[in-house]
Amino acid sequence: DLLQAELAIVMEPTDTRVEVADGDLDPPAVAELLALVDSEPIRATGRSAAPRLEQLGVPALTFGPGDPRLAHTQHEHVPTAQLAACEHAVRELLRA
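All residue numbers refer to position in the chain's written sequence, counted from 1. Thresholds applied to this predicted model are a pLDDT of at least 70 for local features of residues and 80 or more for the giving and counting of side-chain atom pairs; totals over whole chains, interfaces and linings are not thresholded and use all residues. Side-chain descriptors were evaluated using all non-hydrogen atoms of the structure, hydrogens and water having been removed beforehand.

**Quick word on unusual backbone geometry**
- In this structure, Thr16 takes a positive phi of about 60° despite not being glycine.
- Secondary structure counts use DSSP, requiring at least four H or I residues in a row for a helix and at least two E residues in a row for a strand, with both numbered from the N terminus. Here Thr16 lies in the loop between strand S2 (7–11) and strand S3 (19–20).
- Positive phi is not limited to glycine here, since His72 has a value of about 65°.
- Here His72 lies in the loop between strand S5 (60–63) and helix H3 (80–95).
- The exposure class of His72 is exposed, given its relative accessible area of 78%. Each residue is placed in one exposure class: buried if its accessible area under a 1.4 Å probe, protein chains only, is under 20% of its type's maximum, exposed if it is over 50%, and partly exposed if it falls in between.

Right, dumping it as structure tokens:
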């Protein structure tokens with residue numbers, strides 16, 4: 001997991017979409033990440049640690065390549081394009 005500014009990014013499969021818990025995420029890093037992946041945030045599921053981190057007062061979101069429905073199955077795979085897109089987004093976010 002990455003810690004950027006005051007935001008925890010839980011790296012898990014999300015089809016390169018940004019998942020957020022119920023909390024309102026204000027850190028500038030969230031807006032930067034959303035712009036980098038050209039996506040609107042979606043509601044986080046219970047499989048991620050992000051909602052638990054938010055309950056502890058740590059702003060968090062979930063982001064990563066791969067289909068979450070295939071995670072930990074024999075059909076799990078990560079499309080190269082998603083892997084490259086996530087790598088680019090995280091590198092740019094860390095440069096900011």
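After that view, the rundown keeps rolling.
**Description of the nonpolar core**
- Each nonpolar core is a collection of buried residues, namely Ala, Val, Leu, Ile, Met, Phe, Trp, Tyr and Cys, held together in the definition by side-chain atoms within 4.5 Å. Core analysis: the biggest nonpolar cluster contains 15 residues, and Leu7, Ile9, Val18, Leu33, Val37, Leu61 and Phe63 have the highest contact counts within it.
- Contributing elements (two or more residues each) for this core: S2, helix H1 (28–37), S5 and H3.
- Sort the elements by how many residues they give to this core and H1 lands first, with five residues.
- Here a residue-residue contact requires only that any non-hydrogen atoms of the pair lie within 4.5 Å. For Val37, the contacting residues outside a window of four places in its chain are Thr16, Val18, Phe63 and Ala89.

None of this, on its own, says anything about what the molecule does.
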